[in-house]
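Each chain, written out:
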Amino acid sequence: MSTSNDHGFGTRAIHAGQSPDPSTGAIMTPIYQTSTYVQELPGKHKGYAYARGKNPTRVALEQCIASLENAKHGLCFSSGQGAEDAIIKLLRPGDEVIATDDLYGGSYRMFTKVFAHYGIVFHFVNMHDVNEINKHINDKTRMLWVETPTNPLMKIIDIRGVAAIAQAKKLMLVVDNTFASPYLQNPLDLGATIVVHSATKYLGGHSDVVMGATCTNDDKIQEELAFIANSCGAVPGPMDSFLVLRGLKTLHVRVQRHCENGKAVAEFLKSHPKIDKLHWPGFPDHPNHAIAKSQMRGFGGMISFTLKGDSLEEAFRMASSTKVFSLAESLGGVESLIGHPATMTHASIPKEMREKSGVLDSLLRLSVGIEDANDLIADLRQALG
Ligand code: PLP
């Protein structure tokens with residue numbers, strides 16, 4: 001079936017970029033497990049020459065992700081970090097980037113420990129109030145980098161507000177949409193230049209693959225990103241492309257349940273006497289709840305909280321006492337996970353900076369899965385003690 005933007009999200013999640021295999025009628029896109037393609041004459045081929053550049057399973061996936069992000073173009077990479085790496089390679093030595101201060105630790109590590117050595121300058125700014133960004137803009141600024149909701153504090157950044165600054169100053173705006181997924185938020189519609197995903201998370205959805213993706217409406221940026229992907233080679237294999245393509249077919253159904261379970265768990269934790277601060281954008285008293293409501297179609301299943309007394313030992317005890325929630329890195333899969341950002345996902349951020357942004361010793365992060373909500377709540381109740 002060929003889809004258009006008139007089709008609903010669920011129809012596009014299942015069909016976009018995909019049509020029955022012309023040689024057999026197979027309804028599922030074949031896993032084109034090949035590194036090369038036969039040519040009739042040198043340079044005369046069916047659009048595929050060598051699989052680092054293009055693979056049909058990957059192309060179907062790229063078209064499907066692009067459709068879900070309302071984008072003209074999509075590209076897949078071997079990990080979310082591979083996608084981010086390609087985006088930063090659009091820059092040149094001396095260029096400056098202004099990024100969210102509450103950022104995935106791996107992104108922070110790549111910016112400060114890899115790209116800083118190549119002369120790219122990063123500023124980390126609390127974007128809760130977008131006007132803070134203006135203070136750091138100078139004639140070398142090229143890119144604004146936003147994660148919203150942020151990892152792990154679930155801060156909400158006003159994408160339209162940042163996009164207005166980007167447009168006025170002619171800067172690229174990159175939005176990491178991993179936490180929301182395209183089912184809840186479409187940053188390109190709000191003015192972003194590039195959307196980036198760790199497809200490892202909600203897009204794949206089953207904790208069985210590592211992958212990244214970029215989407216853009218800008219032809220020139222797409223051409224440059226595709227050039228970087230082919231030149232540097234961080235591309236995913238056909239089997240992984242198939243797994244994410246299959247995962248996408250249930251994205252809308254899964255994320256609906258993640259949102260329902262996230263709400264039930266957040267409400268339970270909010271009234272628990274051992275919880276100090278709870279971070280979930282669905283509560284009306286969340287500092288940017290109104291913005292979350294205006295740019296997201298639901299509040300998701302990611303929650304973080306601190307414990308009263310802020311004890312590291314107590315956080316470790318809880319994280320190792322859950323039975324349905326597994327203690328593990330990552331998020332966005334069907335199964336519920338619990339993590340300790342200060343020593344796991346955010347260990348590469350210096351303690352002083354981490355604590356300044358609110359990532360305290362007792363902060364725990366939940367990726368609420370799609371099991372039965374009652375079982376999830378009972379598990380947290382027993383683990384809190
Ligand atoms: N962006 C966010 C918000 C993440 O949480 C992660 C990984 O946890 C990444 C990017 C990096 O993605 P990957 O692990 O697929 O390289």
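About the thresholds
- Residues numbered from 1 in each chain as written.
- Predicted model: local features only at pLDDT ≥ 70, side-chain atom pairs only at ≥ 80, totals over all residues.
- Heavy atoms only, no water.
- Near = heavy atom within 4 Å.
- Polar contact = N/O pair within 3.5 Å; in protein donor to acceptor, adjacent residues only side chain to side chain.
- Areas by Shrake-Rupley, 256 points an atom, 1.4 Å probe, with all protein chains shown as cover.
- Helix = DSSP H or I, 4+ residues; strand = E, 2+ residues; numbered from the N terminus.
- Nonpolar A, V, L, I, M, F, W, Y, C, P; charged D, E, K, R; others polar.
- Phe/Tyr/Trp six-rings, centres within 6.5 Å; stacked < 30°, edge-to-face > 60°.
- Buried < 20%, exposed > 50% of the residue type's maximum accessible area, 1.4 Å probe, protein only.
- Domains from an automatic or database assignment.
- Buried area = accessible area lost by both parts, 1.4 Å probe.
- Salt bridge = Lys/Arg side-chain N within 4 Å of Asp/Glu carboxyl O.
- Axes fitted to C-alpha atoms, helices over the stretch in contact; angles between N-to-C directions.
- Left-handed = near helix turned anticlockwise from the far one by under 90°.
- Contact = heavy atoms within 4.5 Å.

A.B. asks: Any chance you could explain the site of the ligand here in plain terms?
C.D. replies: The local shell around the ligand holds 14 residues, among which Gly80, Asp176, Ser198, Thr200 and Lys201 are the closest. Ser198 is positioned with one of its side-chain polar atoms (N or O) 2.8 Å from an oxygen atom of the ligand. Contacts to the ligand include Thr200, whose side-chain N or O atom sits 2.6 Å from an oxygen atom. Protein chains shield 91% of the accessible area of the ligand, which is 390 Å² for the free molecule. Per-element accounting of the shell around the ligand gives the leading share, 3 residues, to helix H3 (residues 80-88). Among the residues making up the shell around the ligand, the classes are represented as 3 nonpolar, 7 polar and 4 charged.

A.B. asks: Whenever I open this one, the packing of aromatic side chains confuses me. Can you help?
C.D. replies: The geometry of two aromatic rings is summed up by the distance between their centres and the angle between their planes. Applying the stated rule across the entire model yields 9 aromatic pairs. Where Phe111 meets Phe122, the ring centres are 4.6 Å apart and the plane angle is 5 degrees; that geometry is what we call stacked. Highlighted residues: Phe111 in helix H4 (residues 105-113) and Phe122 in strand S3 (residues 121-125), separated in sequence by 11 residues. With relative accessibility at 0%, the residue Phe111 sits in the buried group. Since its relative accessible area comes to 12%, Phe122 is described here as buried.

A.B. asks: Is there a simple way to explain the domain arrangement of the protein in this structure?
C.D. replies: When the parts of a complex come together, some accessible area is lost, and that lost area is often used as the size of the interface. When its domains are assigned, the protein resolves into domain 1 (9-248) and domain 2 (251-384). Placing the centre of domain 1 and that of domain 2 at their C-alpha centroids yields a distance of 25 Å. Taking both sides of the interface into account, the surface hidden between domain 1 and domain 2 amounts to around 3600 Å²; carbon and sulfur atoms contribute 61%. Across the domain 1-domain 2 interface, the total number found is 0 salt bridges.

A.B. asks: For this particular structure, what's the right way to read the packing of helix H2 (residues 56-68) against helix H9 (residues 238-248)?
C.D. replies: To characterise two packed helices, one gives the angle between the axes of the helices and the distance between these axes. Running from N to C, H2 and H9 point in directions that differ by 35 degrees, and their axes come no closer than 8 Å. Both H2 and H9 take part in a crossing whose hand is left-handed. On H9, the residues touching Thr57, Arg58, Ala60, Leu61, Cys64, Ile65 and Leu68 of H2 are Pro238, Ser241, Phe242, Val244, Leu245 and Leu248. Residue classes in the contact of H2 with H9 are distributed as 10 nonpolar, 2 polar and 1 charged.

A.B. asks: Explain the pattern of salt bridges to me, please; I cannot follow it from the model alone.
C.D. replies: Any two side chains of opposite charge can pair if their charged atoms end up close together. Within this structure, the stated rule accounts for 15 salt bridges. For Lys351, the salt bridge is made with Glu355, and the minimal N-O distance between the two is 3.0 Å. Here Glu355 and Lys351 lie together in helix H13 (residues 351-356), a separation of 4 residues that amounts to about one turn. Take Glu355: its relative accessible area is 31%, and that puts it in the partly exposed class.

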